[in-house]
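# Observations on chain architecture
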Amino acid sequence: MRTGTEYVASLCDGRDVFIDGRRVDDVATHPAFVGIVATVGQLYDTAAGTPEMHIGDPDHGTINRVHMTPRSIEDLRIRREAITRWARLSNGFLGRSPDHVGSFFAGFASAPALFDQCRDGFGENVRRAYAEIVRDDLYASYTVIPPQNSGLNPGAATTSGVTQVGVVAETDAGIVVQGTQMLATGGAISDRLFVSCLRPLSPGQEDFAVSFMIPVATRGLKLFCRRPYAVGQPSAFDYPLSSRFDESDAMAVFDRVFVPWENVFIYRSVGGVHDQFHRTAAHVLANTQAQIRLTVKLKFLLGLAVHVSEANERSVAPSVQDKLGELASLASVVEGMVLAAEAGAALDEFGVCKPNPRFLYGIMGLQSELYPRVLHIIRELSGAGVIGTTSSYRDLVSPETHGDLTRYMAKSEADLEQRMKLFKLVWDAIGSEFAGRHHQYEIFYAGASEVARGYSRRQYGLDEPMALAQEFLDGYDVLGAAGDPQLAPMA
Ligand SMILES: Cc1cc2nc3c(=O)[nH]c(=O)nc-3n(C[C@H](O)[C@H](O)[C@H](O)COP(=O)(O)OP(=O)(O)OC[C@H]3O[C@@H](n4cnc5c(N)ncnc54)[C@H](O)[C@@H]3O)c2cc1C
């Protein structure tokens, strides 16, 4: 299985990644990425060194369990445990670890016939892509949402001239795509970039109705990264999350990128683009991975909240206990829905054991309020403790400052270090720029809140609740129910 060292070495491949107006020479050693690259390397080393993360697959030999195609509820359990093990390494702060897009491909590859309906051979392309992810333990990222100022957004102005990535030419060997895509989390540090359109498209928008995957080092693909959060920070002690888990987000520009037919999965098919996500188990499997990750993150945040209340010696105060109780409820709801979706899973038309979408999308529909609520409660519990920290670790080691700080701010030197460490970590989870990005991420990663709730409404299955209500309504009328004296009109 792939090791961390192999992953790091693979990043030096001439990819075009830009920060601060300059091309990054070597992603693996650039200060913006060095922490996250080490973290992803740790994911790979953990998978390679943990037999409990391996499973024999009839088509692909021994594989990482996070990439398995679940065929039973037991498979889903095994997969969940492996995803949890990986999520534990970042305490859920890696949104798009390699198991996220890998999950989409497990769903895609289960339904080659669906892709063949678009064009003969696309099914084989998607199967091969999944086989490569699984065999080589590849890290695929994705960019599937158009820029906000492109004409493809419902209701958006179309005056900017910005165009979502789409087909501009076709040859015997492949297609040429050009345009922009809004965001690729982890794009700069991944092996492959999956490109498609998750937004519903309409007839007439076939140029954008494509789906393909390319190596990140493909000529013409340029990734423009947002400001990195690890750069310029004094130490990992001061920003323990920013320094390790800043997976980076990048706008993707496709400057006449050539994509060979072997890497194309859907071509100029509005229905095909939709079906790949929603008729296969792809969208459900990937979002299940996301909720398993969130379960770990919420447990971690709850743990931080308990530590804060103990550090302030307030954990028995009724108002503090109430807040911890609410956090526990929120964490348990997410975990419970993951387990409910797993317990209620059923085989889909392609033989994949698909977690029950009622519960999966149910919790996703609450996420845009749930996560900000969690942050708010921890802020309330923390008070100014997260602001009353020293400017950096240097205050703790400098002979000029360390004596006063120990004497006036804590019980002992060890106590001072523990308190600073805790509150700096809490700030990085709830208040730093890294935390702000996570706040935004958890609200939007699965679409704006009305999009997530739209999934929930459609997937709940409204027939059952409507039938319940109708059955009751049918039980009486203006003249009461025949033979039921209780329901007779009042005199
Ligand atoms: C941190 C982060 C990481 C991300 N990573 C990835 C990634 O790896 N890959 C990827 O493909 N995408 C990624 N995304 C993008 C994500 O999928 C989108 O943010 C999400 O789909 C919402 O789309 P949007 O940002 O265009 O918001 P919008 O759709 O523009 O929504 C913004 C607001 O506008 C409102 N709105 C939208 N349309 C209308 C309308 N017609 N009328 C009135 N109000 C409207 C919405 O309700 C919402 O309140 C990421 C996003 C974030 C924040």
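Quick caveat, the model's predicted, so the values are computed rather than measured.

So, on to the domain arrangement of the chain. Domain boundaries assigned for the chain yield domain 1 (4-278) and domain 2 (282-468). Between the C-alpha centres of domain 1 and domain 2 there is a distance of 25 Å. Taken together, the 49 residues of domain 1 in the interface contact 46 residues of domain 2. Between domain 1 and domain 2 lies a buried interface of about 4,000 Å² when both sides are counted; carbon and sulfur atoms form 67% of it. In this assembly, domain 1 and domain 2 are joined by four salt bridges. As a salt-bridge pair, R437 and E247 come within 3.5 Å of each other at their nearest N and O atoms. For the pair domain 1 and domain 2, the interface holds 19 residue pairs in polar contact (both at pLDDT 80 or more).

Attention now goes to helix α6 (residues 122-136). The end-to-end C-alpha distance of α6, which contains 15 residues, comes to 21 Å, matching closely the 21 Å that a straight helix rising 1.5 Å per residue would cover. What α6 keeps buried is the set F122, G123, N125, V126, A129, Y130, A131, I133 and V134. At the exit of α6 stands D137, carrying a positive phi of roughly 50 degrees.

All right, on to the layout of surface pockets then. Here the largest pocket is characterised by a volume of approximately 1,300 Å³. Taken together, 44 residues form the lining of the largest pocket, with I145, R199, F444, Y445 and G447 sitting closest to its centre. Going through the elements one at a time, α4 (98-109), β5 (140-143), β7 (174-185), α8 (270-278), α9 (282-311), α16 (433-444) and α17 (449-460) are the ones with two or more residues in the lining of the largest pocket. If one sorts the elements of the lining of the largest pocket by residue count, α17 sits on top with six residues. Both of domain 1 (4-278) and domain 2 (282-468) provide at least three residues apiece to the lining of the largest pocket.

Take the site of the ligand next. Around the ligand sit 22 residues, and of these V144, Q148, T185, R199 and E450 come closest. In this structure, a nitrogen atom belonging to the ligand sits 2.9 Å away from a main-chain N or O atom of Y142. Separating an oxygen atom of the ligand from a backbone N or O atom of V144 is a distance of 2.7 Å. Protein contacts shield 69% of the accessible area of the ligand, which totals 960 Å² for the unbound molecule. With respect to the pocket detection grid, the ligand is positioned in the largest pocket. Those elements that provide at least two residues to the shell around the ligand are β5, β7 and α16. Composition of the shell around the ligand by domain shows at least three residues from each of domain 1 (4-278) and domain 2 (282-468).

Moving on, we come to the nonpolar core. Core analysis: the biggest nonpolar cluster contains 135 residues, and F33, F105, F194, F254 and L301 have the highest contact counts within it. When residues of this core are assigned to domains, at least three map to each of domain 1 (4-278) and domain 2 (282-468). Leave out the neighbours within four places in its chain, and L301 touches F93, Y371, V374, I378 and A429. Among the nonpolar cores identified, the runner-up in size contains five residues, and L396, L405, L416 and M420 belong to it.

Below, the discussion takes up the packing of α4 against α6. Running from N to C, α4 and α6 cross one another at 140 degrees; their axes reach a closest spacing of 9 Å. With respect to each other, α4 and α6 are oriented oblique. Judged by the sense of rotation from one axis to the other, the crossing of α4 with α6 is left-handed. Here G102, F105, A106, F108 and A109 of α4 lie close against α6, whose contacting residues are V126, R127, A129, Y130 and I133. Considering only residue class, the contact of α4 with α6 consists of eight nonpolar, one polar and one charged.

Where α9 meets helix α10 (residues 318-343), the closest approach of the two axes is 9 Å, and the angle between their N-to-C directions is 165 degrees. Classified by the angle their axes make, α9 and α10 are roughly antiparallel. Both α9 and α10 take part in a crossing whose hand is left-handed. Two secondary-structure elements touch here, α9 through Q291, I292, L294, T295, L298, K299, L302, A305, V306 and S309 and α10 through V320, L324, L327, A328, L330, A331, V334, E335 and V338. The residue inventory of the contact of α9 with α10, partitioned by class, reads 14 nonpolar, three polar and two charged.

Applying the stated rule across the entire model yields 23 aromatic pairs. Consider the rings of Y7 and Y44, whose centres lie 5.5 Å apart with planes at 40 degrees: the pair is tilted. Of the two residues, Y7 sits in helix α1 (residues 4-10) while Y44 sits in helix α2 (residues 34-49), which places them 37 residues apart along the sequence. For the residue pair Y7 and Y44, the accessibility class agrees, reading buried in each case. When the ring of F108 is compared with that of F194, the centres are 5.4 Å apart and the planes differ by 55 degrees; the resulting orientation is tilted. On the criterion of sequence distance, the pair formed by F108 in helix α4 and F194 in strand β8 (residues 192-195) is long-range, its members being 86 residues apart. Assigned by exposure class, F108 and F194 land together as buried. Here a set of aromatic residues connected by ring pairs shows up, and it is made of F104, F105, F108, F115, Y142, F194, F265 and F277.

According to the stated counting rule, one finds six cavities of 30 Å³ or more in the structure shown. In terms of lining residues, the largest cavity is bounded by M364, Q367, S368, E442, I443, F444, Y445, A446, G447, S449 and A452. Elements represented by at least two residues in the lining of the largest cavity include exactly α12 (367-382), α16 and α17. The leading source of residues in the lining of the largest cavity is α16, at three residues. Of the residues assigned to the lining of the largest cavity, the class counts are six nonpolar, four polar and one charged. By volume, the second largest cavity amounts to about 50 Å³. Contributing to the lining of the second largest cavity are L76, R79, R80, T288, I292, V338, E342 and P355. At the level of elements, α3 (73-88), α9 and α10 are the ones that each hand at least two residues to the lining of the second largest cavity. When residues of the lining of the second largest cavity are assigned to their parent elements, the largest contribution, three residues, is made by α3. Considered class by class, the residues forming the lining of the second largest cavity number four nonpolar, one polar and three charged. For the lining of the second largest cavity, the domains that each give at least three residues are domain 1 (4-278) and domain 2 (282-468).

Calculation rules
- Residues numbered from 1 in each chain as written.
- Predicted model: local features only at pLDDT ≥ 70, side-chain atom pairs only at ≥ 80, totals over all residues.
- Heavy atoms only, no water.
- Domains from an automatic or database assignment.
- Contact = heavy atoms within 4.5 Å.
- Buried area = accessible area lost by both parts, 1.4 Å probe.
- Salt bridge = Lys/Arg side-chain N within 4 Å of Asp/Glu carboxyl O.
- Polar contact = N/O pair within 3.5 Å; in protein donor to acceptor, adjacent residues only side chain to side chain.
- Helix = DSSP H or I, 4+ residues; strand = E, 2+ residues; numbered from the N terminus.
- Expected span 1.5 Å × (residues − 1).
- Buried < 20%, exposed > 50% of the residue type's maximum accessible area, 1.4 Å probe, protein only.
- 1 Å grid on protein atoms, 1.4 Å probe; cavity = no way out; pocket = protein on both sides within 12 Å on 5 of 7 lines; lining within 4 Å.
- Points joined across faces, edges and corners; volume = space filled by probe spheres on them.
- Near = heavy atom within 4 Å.
- Areas by Shrake-Rupley, 256 points an atom, 1.4 Å probe, with all protein chains shown as cover.
- Sits in = over half its atoms within 2 Å of the grid points.
- Core = buried A, V, L, I, M, F, W, Y, C linked by side-chain atoms within 4.5 Å.
- Axes fitted to C-alpha atoms, helices over the stretch in contact; angles between N-to-C directions.
- Parallel < 35°, antiparallel > 145°, perpendicular 65-115°, else oblique.
- Left-handed = near helix turned anticlockwise from the far one by under 90°.
- Nonpolar A, V, L, I, M, F, W, Y, C, P; charged D, E, K, R; others polar.
- Phe/Tyr/Trp six-rings, centres within 6.5 Å; stacked < 30°, edge-to-face > 60°.

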